[in-house]
Every structure is written in structure tokens, then in C-alpha cells.
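Take a look at the letters that make up each chain.
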Amino acid sequence: MTMCTKIRPQLTSYLDGELADDHGSVVRGHLRECADCRQCARDEAALRDGLRTLAPLDPPAALWAGVQSQLAAAEITDARKPRWRRQAARWVRWARSARWAPTMPQLASASLVAATAIAVFTWRGHHGEDATVGHVAVAQPLPPPVPAGIAVTAAPAPQPTPPSADDVTADLIAEPARTTASYARAIEELMKLAEEDRARWSDGDKAAFDARLTGLRDAIASAGAPRAVQRAQRTLIRYLQSAVVRDDVLLASGGAR
Amino acid sequence: MEMLYHQYKRRVFGMAHRIVGGSDAEEVAQEVFVRVFRGLASFRGDSALSTWIYRLTVNAALSHLARRGRRHEVGDEGLTELPAPATAERDSALAARIETAMTQLPAGYRAILVLHDVEGLSHEECAAILECRIGTCKSQLHKARARMRELLGPNLGQRSES
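Please read these numbers as outputs of a predicted model, since none were measured by experiment.

Trainee: Give me the lowdown on the overall build of chain B, citing residues and values where you can.
Mentor: Each helix and strand in chain B was counted, giving eight helices and zero strands. Starting at the N terminus and ending at the C terminus, chain B contains elements arranged as α-α-α-α-α-α-α-α. Residues counted as buried form 40% of the 162 residues belonging to chain B. Summarising the internal contacts of chain B: among those between residues at least 6 apart in sequence, 65% fall at separations of at least 24.

Below, the structure is given as C-alpha cells:
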């Protein structure tokens, strides 16, 4: 039994021809005299052969259309990104494709330079605003100094400053909404095309299309998170593309082939 | 671009299908091809193009499963769901049993089985794709096959002796 427990973990390598000669001969010798391990080896060989002869799986015909549609959507999203993000993405790609591996001191220096640059730009932005405010404030009479020990009770609450044009936070927050809106526009356009083709469809095709459309629209409506909504939108886009581009057989089968 | 797609579509779709299952395979395969085409310019050539594409496929499939929180860990109840041993047309029946049993495996085991045994890649290639050591790859394969044998039951190799 001890021998069996030693041999069995080696069966995978033995059957794959990966054991060195001396180890292989030990396993072979044991298999000659142990029926249980021999059966185990046969099972494993049958499994390995079964796995190797599994039939290749053909992707659905709509896969390529889906890839193209996603590539187009990604390009639209790219085009709408602010310039600094496109530039940053280019830098990241360059850094990844660079043949050199940056060392820690290089990374530290680069971080320091970047931090200094950000600090300078931020300071200049604030300084500019302060200078303007200060300029206006010069014309206003200064409030009387408050004597020490007297609390100021009616001090006005600080108002939140509106985001400046350089503030990218709002832009980042709006990005998923923009993508969703872009998909919605694509759906609208595809719907128009589908409506134009509809006249040529049989009643059965129309019913199948309407039923599928309702299902897909319900899926969009019930999806909560932006990613889920976008995924459901992409499914609808793919279906509409199939409906517009593909033949009636595909349409009648509900988009699945 | 289209040529590249046609060259790899079966393998990418097949791998995705066998790792994430039929319902999500198309979505994963799409994601892989979009990443491939968008990342082709930055492909460094450190590994073979095929290795890079398979790595993207396995990573996309495993991430997809993680996102969905789907687990195919096998409990004992999974064993009873497997179809009965073949009565006719042994090969196709065995293939069907194997496909079913694979869905019961943990995702990592499925990935190594698909890469090594289904796609016929070497341990070196599998290790490069899964970004692990060759030894780890071999031991994972051994565990995956052992789990498959458990799931498929005894006498898979037909000629039983006692």
C-alpha cells in the first residue's frame, strides 16, 4: 500500500512520458505486479486520451460582429476621453512595451518629478484664483478686527467652490454615463434600421423580434450597476446588428445559431 | 486582423467555453479578441503570440468567473449528477461525460486541463500562460486529473481487473 501511495502521484508524469528512465522503470515494475495501480493508470490514460480527442468548439457566427461592435464602441469611448487621459494611456503603453526595466531609483525620480509638476500646477492654479480674489477684496472695506475672547457666532458657512475647468473628477464620474448614453444612441440608430427592414419580415419574424426585443429591453431596465446596464445594452446591440445584417433564419431563431 | 481572428477563434472560444461554460463563452471570447486587437501594438514579443493570446483568454475567463462569483467546487452531490456510464457509442458518450465532469471542477483545474490535455500545450507553455512554475503546473495537472477520475468514477479505462 505504501508503494501504491508513492507510485500514484507519479502516474501522470509517467503516462505523459516525463519521468526519467530510472523513475519510469520503478513505476513500470510496480504496475506489472499491482492490479489496482494498473487500473488506475488505465483510467488516467483513458481520461487523458478522452480529453485530447474532445471535439473543437465552433464559435457562433455572431462572434466576429460582436468583436467589431465592441472595438467600435471602445474607439468611440477613446475618442471622447480627455486629451490628458489619451496621453497617459500612451505613456503607460510605452512604459509597458519598453525593453528596459525601470529600477527603483528611476521610478522614484520619475515620481518626484511628476509630484513636483503637479504641485507647481496646483499652486499656480490656486495662486491665480487667490490673486483675483485678493484684487477684488482690496476694494472692499475690511471687517473690524474681532477682539480676542469674543466668539463669532454669525460667521457665514463656507460655500463649496464650483469645480474648475481643470478638475477631472467630474469627468471621470461622468464616463460610465457617457458610455451608457453612447450605447443608447447606437441602439436607437439600429432600431431605425431594423424598422426599415421590418416591412420585409414575415409575421412570425416580427413576433420573434418583438419578443426578443422586449426581453432584452427588460434586461437593460432591470440591470442595476452601470457595467451590468452596459453589458445588457451590448447584448441588445449585438442582437439588433444580427437582425439587421443576418438572414431571416437567424432572426426567427431569436438571434442564436 | 480578421485573419488573426479566424486563426484563433476556435481555440479562444473553445477554451473560454470549457472554463466559463457555454452561456458566457461568447462574451469572454469577445472580450479576449477586443483586448488582443487593442493590445496588439503593445505586444512585446517576449512570448509567442499564441501564448499571449491564450494567457489573455485564461485570465479573462478566470476574471469573468471571479466577477460573477460563480464557483463550480464539487461537493459529493455533484457526483450523482453525472450521466450514467455509456451503453453505446463509447467515445462520444465518454466525451460527454468528460465535458460534464469538467464543469464540476474548480476553475483553476479546468484551466490547466484545457491547456495541457485538450489543447495539447506543453508544461512550459502552460506555465508561461498561467504565470507559474513548471512544477506547479505539473502538480496542478495531476490533482486536476485525479479529481476528474473521482468525478467520472472507476473503470474509465474499461478493462477492469480484480
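Trainee: Tell me about the overall build of chain A, and name the residues and values.
Mentor: The number of helices and strands found in chain A is eleven helices and zero strands. Helices and strands appear in chain A in the N-to-C order α-α-α-α-α-α-α-α-α-α-α. Here chain A holds 257 residues, and 14% of them are scored as buried. Of the contacts formed within chain A by residues at least 6 apart in sequence, a portion of 69% connects residues at least 24 apart.

Trainee: Mind laying out the interface of chain A and chain B, listing which residues take part and the relevant values?
Mentor: With 33 residues of chain A at the interface, the matching set in chain B holds 35 residues. Listing elements by their share of the side of chain A that touches chain B, those giving two or more residues are α2 (11-15), α4 (35-52), α5 (62-80) and α6 (83-97) of chain A. Broken down by element, the residue count for the side of chain A that touches chain B peaks at 13 residues, all from α4(A). Split by residue class, the side of chain A that touches chain B holds 17 nonpolar, seven polar and nine charged.

Trainee: Could you give me a rundown of the nonpolar core, with the residues and numbers involved?
Mentor: Membership of the largest hydrophobic core comes to 50 residues, with the highest contact counts inside it found for V12(B), A16(B), A29(B), A61(B) and I112(B). Excluding anything up to four places from it in sequence, A16(B) contacts A25(B), V28(B), A29(B), V32(B), T57(B) and A61(B). Among the nonpolar cores identified, the runner-up in size contains nine residues, and L216(A), Y239(A), L240(A) and A243(A) belong to it.

Trainee: Now, about the packing of helix α3 (residues 49-68) of chain B against helix α7 (residues 123-130) of chain B: what can you tell me, with residues and values included?
Mentor: Residues and elements named next belong to chain B. Where α3 contacts α7, the axes come no closer than 8 Å and their chain directions differ by 55°. The orientation of α3 relative to α7 falls into the category oblique. Note on packing geometry: the crossing formed by α3 with α7 is right-handed. For the pair α3 and α7, the contacting residues are T51, Y54, R55 and V58 in the first and E125, A128, I129 and L130 in the second. Partitioning the contact of α3 with α7 into residue classes produces five nonpolar, one polar and two charged.

Trainee: How would you sum up the packing of helix α1 (residues 2-20) of chain B against α3(B)? Please name residues and give values.
Mentor: Residue and element names in this part refer to chain B. Across the interface, α1 lies against α3 with an axial gap of 10 Å and an inter-helix angle of 30°. The angle between the axes of α1 and α3 places the two elements in the roughly parallel class. Crossing angle aside, the handedness with which α1 passes α3 is right-handed. Residues Y8, V12, M15, A16, I19 and V20 of α1 form the contact with α3, whose own contacting residues are I53, Y54, T57, V58, A61, H64 and L65. Here the contact of α1 with α3 is composed, by residue class, of eleven nonpolar, two polar and no charged.

Trainee: Lay out unusual backbone geometry with the relevant residues and their values.
Mentor: Residue and element names in this part refer to chain B. Despite not being glycine, E131 has its phi angle at roughly 55°, a positive value. As for its position among the elements, E131 is in the loop between α7 and α8 (134-152). Assessed through the 10 C-beta atoms surrounding it within 10 Å, E131 is described here as exposed.

Trainee: Account for helix α9 (residues 203-222) of chain A, naming residues and giving values.
Mentor: All names here are of chain A. The terminal C-alpha atoms of α9, which comprises 20 residues, lie 28 Å apart, in line with the 28 Å expected from a rise of 1.5 Å per residue. Of all the residues in α9, the buried ones are F209, R212 and L216. Taken around the axis of α9, the buried residues stretch over an arc of 75°, which confines them to a single face. Turned more than 90 degrees away from the buried face of α9 sit D203, G204, A207, D210, A211, T214, D218, A221 and S222, all of them exposed.

Trainee: Go over the confidence of the model for chain B, please, and point to the residues and values.
Mentor: Residues and elements named next belong to chain B. Taken residue by residue, chain B gives an average pLDDT of 81. The fraction at 70 or more is 83%. Within chain B, helix α4 (residues 76-80) has the poorest average pLDDT of any element, 35, and helix α6 (residues 107-118) the best, 93. Ignoring residues within four places in sequence, the model shows residues 70-90, a span with pLDDT below 50, making 21 contacts including any to other chains. Interface confidence for the predicted complex, given as ipTM, is 0.78, next to a pTM of 0.54.

Trainee: Tell me about α3(B), and please be specific about residues and values.
Mentor: Residues and elements named next belong to chain B. Over its 20 residues, α3 runs 28 Å from end to end, which matches the ideal 28 Å to within 8%, given 1.5 Å per residue. Turning to α3, its buried residues are I53, Y54, T57, V58, A60, A61, H64 and L65. Relative to the axis of α3, the buried residues are bounded by an arc of 160° and lie together on one face. In this structure, α3 carries A66 and R67 as exposed residues pointing more than 90 degrees from its buried face. Buried-residue contacts for α3 involve α1, α2 (22-39), α6 and α7. Positive backbone phi, approximately 65°, marks G69, located one or two places after α3.

Rules used throughout
- Residues numbered from 1 in each chain as written.
- Chains lettered and ligands numbered in written order.
- Predicted model: local features only at pLDDT ≥ 70, side-chain atom pairs only at ≥ 80, totals over all residues.
- Helix = DSSP H or I, 4+ residues; strand = E, 2+ residues; numbered from the N terminus.
- Buried ≥ 20, exposed ≤ 12 C-beta atoms within 10 Å, placed from the backbone.
- Contact = placed C-beta atoms within 7 Å.
- Nonpolar A, V, L, I, M, F, W, Y, C, P; charged D, E, K, R; others polar.
- Core = buried A, V, L, I, M, F, W, Y, C linked by C-beta atoms within 7 Å.
- Axes fitted to C-alpha atoms, helices over the stretch in contact; angles between N-to-C directions.
- Parallel < 35°, antiparallel > 145°, perpendicular 65-115°, else oblique.
- Left-handed = near helix turned anticlockwise from the far one by under 90°.
- Expected span 1.5 Å × (residues − 1).
- Arc of directions from axis to C-beta.
- pLDDT = per-residue confidence, 0-100.

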